[in-house]
Amino acid sequence: RAAAARLLALDEPPVRFTALCLLHDTDAEVRVDDLAWAADYAHRVGDHERALHLAEAALETTDNARAALTAAASLSALARDAAHVDAAFERAASLAVDDEGRARVELRWGQHTALRAHEPATAVARAVAVLPTLDPAAAALVTPDLAKWRLMAGDVTAIDGALTLDSRGTDSELGGEHA
């Protein structure tokens, strides 16, 4: 615990993560927001087991939107039972407090559904239903992936207008040669 306290004095994310893990592993009291941060950090660096463990610890205490999303994304990365993953994403969606949070849940859930569960049409349907309820900035988080999911589902109209060819055979939007 003394080592963790010293490490927390150093304001570097990997060091903070290590300190919080040391505290958690020794059953010291760790604030829920710190557990949620550590879970998110672990997920971002690919330590999905640790991320899930920390997120679940945070969720034992209170409903924390960040921890719920990290738990769902970690379950997805770990290829856990599809029904369990979907239930975790549903929980994360119910805890999202604003449009940006809802968009982040939809983005990660859609990625899981389209890429890991191989059901891009389901990801499209869910995103299309959510998009009109989001403010423009939040919707912009989901829109690029929505186009990809549409293509994966066989909707070639998702790229209409994305690339136009001029009369010389070059990409008029990108300025390069058309292959």
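Along each chain, the written sequence defines residue order, and numbers are assigned to residues from 1. Restriction of local features to residues with pLDDT of at least 70 applies here, the model being predicted, together with a cutoff of 80 or more for giving and counting side-chain atom pairs; totals for whole chains, interfaces and linings are based on all residues. Computation of side-chain values: all heavy atoms of the structure, hydrogens and water removed.

## Some details on the packing of aromatic side chains
- Side-chain rings of Phe, Tyr and Trp, where Trp is taken by its six-membered ring, are said to pair if the distance between their centres is within 6.5 Å; with planes under 30 degrees apart they count as stacked, over 60 as edge-to-face, and otherwise as tilted. Following the criterion strictly, the structure yields three aromatic pairs and no others.
- When the centroid spacing of 5.0 Å and the interplanar angle of 35° are considered together, the rings of F17 and Y41 count as tilted. Of the two residues, F17 sits in helix 2 (residues 13–25) while Y41 sits in helix 3 (residues 32–44), which places them 24 residues apart along the sequence. For the residue pair F17 and Y41, the accessibility class agrees, reading buried in each case.
- Consider the rings of F89 and W109, whose centres lie 5.8 Å apart with planes at 10°: the pair is stacked. Of this pair, F89 sits in helix 6 (residues 82–95) while W109 sits in helix 7 (residues 99–116); the two residues are 20 residues apart in sequence, bridging distant segments of the chain. Side by side, F89 and W109 carry an identical accessibility label, which is buried.
- In this structure an aromatic cluster arises from ring pairing among F17, W37 and Y41.
- Placement of a charge over a ring requires the Lys NZ or Arg CZ to be within 6 Å of the ring centre, with the centre-to-atom vector within 35 degrees of the ring normal. Here the basic side chain of R16 rests over the ring of W37, its NZ or CZ set 4.1 Å away from the ring centre.
- Across the ring face of W109, the terminal group of R126 is positioned such that the distance to the ring centre comes to 4.0 Å. Only DSSP runs of H or I with at least four residues qualify as helices, and only runs of E with at least two residues qualify as strands; both kinds are numbered from the N terminus onward. The classification of residues rests on relative accessible area computed with a 1.4 Å probe and restricted to protein chains. Under 20% of the type maximum is buried, over 50% is exposed, and intermediate values are partly exposed.

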